[in-house]
Amino acid sequence: YNRFVRSGTVNAHVDTRLSPIQAGVGLAQIRELQHTQRRRHSIVDRVLAQMPAGLMAQTIRSDEVHAWYFLVVTCDDPDRVASALLQRGVDVGRAPMRNCAAMDEPDTGPSQFPVAQSLMDRSLQIPIHPTMDEAMVQHLVEAFRTLPR
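The structure reproduced in this document is the subject of the present report. In this text the structure is predicted, and so the values were computed from the model without any measurement.

Conventions adopted
- Residues numbered from 1 in each chain as written.
- Predicted model: local features only at pLDDT ≥ 70, side-chain atom pairs only at ≥ 80, totals over all residues.
- Heavy atoms only, no water.
- Core = buried A, V, L, I, M, F, W, Y, C linked by side-chain atoms within 4.5 Å.
- Buried < 20%, exposed > 50% of the residue type's maximum accessible area, 1.4 Å probe, protein only.
- Helix = DSSP H or I, 4+ residues; strand = E, 2+ residues; numbered from the N terminus.
- Axes fitted to C-alpha atoms, helices over the stretch in contact; angles between N-to-C directions.
- Parallel < 35°, antiparallel > 145°, perpendicular 65-115°, else oblique.
- Left-handed = near helix turned anticlockwise from the far one by under 90°.
- Contact = heavy atoms within 4.5 Å.
- Pairing = 2+ DSSP bridges.
- 1 Å grid on protein atoms, 1.4 Å probe; cavity = no way out; pocket = protein on both sides within 12 Å on 5 of 7 lines; lining within 4 Å.
- Points joined across faces, edges and corners; volume = space filled by probe spheres on them.
- Nonpolar A, V, L, I, M, F, W, Y, C, P; charged D, E, K, R; others polar.
- Phe/Tyr/Trp six-rings, centres within 6.5 Å; stacked < 30°, edge-to-face > 60°.
- Arc of directions from axis to C-beta.
- Salt bridge = Lys/Arg side-chain N within 4 Å of Asp/Glu carboxyl O.

Details of the nonpolar core
Okay, step 1: L71, L85, I126, L140 and F144 are the most contacted members of the largest nonpolar core, which has 26 residues in total.
Okay, step 2: For this core, the secondary structure elements donating two or more residues are α2 (33–49), β4 (70–74), α3 (78–87), β5 (123–127) and α6 (134–145).
Okay, step 3: Counting residues per element, this core draws most heavily on α6, which supplies five residues.

Structure follows, in structure tokens:
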């Protein structure tokens, strides 16, 4: 593998040059990117249509394109919502964001980024997988539809 790595090309202590096999896989994935993104957008649109009051989904500007790897929502009691979704069989997480500046600078911490900390404390993430079949998508939509209002 090392014969494919350009000397001095590193990112976070990981070589960033791709082997021919990795590049081939990447090219195959790029061919499917538009389909994957359309599928994720479709799933997010269906979930947002059932989003109960009190949950606020992340927003994007109309001129932006979002990957929708996760749907991040904020609310006053994310632990209660996460528990309700987990009880309905929905894979949901509670730590969608990290304060990267606080991680990179040892002298900084959450108190120096109160808005970011507040968002993190009130947020949860719902994975959006383009390979979800119709039954899985319907289950996700139904879980949101049946959340207490």
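Overview of the packing of α2 against α6
Okay, step 1: With their axes 9 Å apart at the nearest point, α2 and α6 run at an angle of 30° to one another. Regarding the angle of α2 to α6, the classification is roughly parallel. The chirality of how α2 crosses α6 is right-handed. Contact residues: α2 offers R39, I43, R46 and V47, while α6 offers E134, V137, Q138, L140, V141 and F144.

Side note on the sheet that holds β4
Okay, step 1: Sheet architecture is open: three strands sit in the order β3-β4-β5, paired in antiparallel fashion. Where the open sheet ends on each side, the last strands, each with one partner, are β3 (56–57) and β5.
Okay, step 2: Summarising the sheet, β4 and β5 pair through five bridges and their orientation is antiparallel. Each bridged residue has a counterpart across the sheet, and for L71 the counterpart in β5 is I126.

Overview of the layout of surface pockets
Okay, step 1: In this structure, the largest pocket encloses a volume near 170 Å³.
Okay, step 2: Every residue lining the largest pocket is listed: G89, V90, D91, I126, P127, H129, M132, M136, H139 and L140.
Okay, step 3: Where the lining of the largest pocket is concerned, the elements lending two or more residues are β5 and α6.
Okay, step 4: Here the lining of the largest pocket gets three residues from one element, more than from any other, and that element is α6.
Okay, step 5: In terms of residue class, the lining of the largest pocket is built from six nonpolar, three polar and one charged.

Side note on the packing of aromatic side chains
Okay, step 1: Taken as a whole and judged by the stated rule, the model has one aromatic pair.
Okay, step 2: Their ring planes at 85° and their centres at 4.8 Å tell us that Y69 and F70 sit as a pair that is edge-to-face.

Remarks on α3
Okay, step 1: Three or more residues of α3 are buried, namely P78, V81, A82, A84 and L85. Each buried residue of α3 lies within a common arc of 160° when the element is viewed along its axis, so the set occupies one face. Of the exposed residues in α3, those oriented more than 90 degrees away from the buried face are L86 and Q87.
Okay, step 2: Elements that come into contact with the buried residues of α3 comprise α5 (114–121), β5 and α6.
Okay, step 3: Two residues or fewer after α3 comes G89, characterised by a positive phi angle close to 80°.

Here we look at the pattern of salt bridges
Okay, step 1: By the definition in use, this model includes five salt bridges.
Okay, step 2: With a shortest N-O distance of 3.0 Å, D63 and R61 are connected by a salt bridge. Summarising the burial analysis for this pair, D63 and R61 share the class exposed.
Okay, step 3: Two residues, E142 and R145, come together in a salt bridge whose shortest N-O distance is 2.4 Å. Taken together, the residues span about one helical turn, with E142 and R145 both in helix α6 at a distance of three residues.
Okay, step 4: The exposure class assigned to E142 is partly exposed, which follows from its relative accessible area of 30%.
Okay, step 5: On the accessibility criterion, R145 (39% relative accessible area) is partly exposed.
Okay, step 6: Salt bridges here are not isolated pairs; linked through shared partners, they connect R61, D63 and E64.

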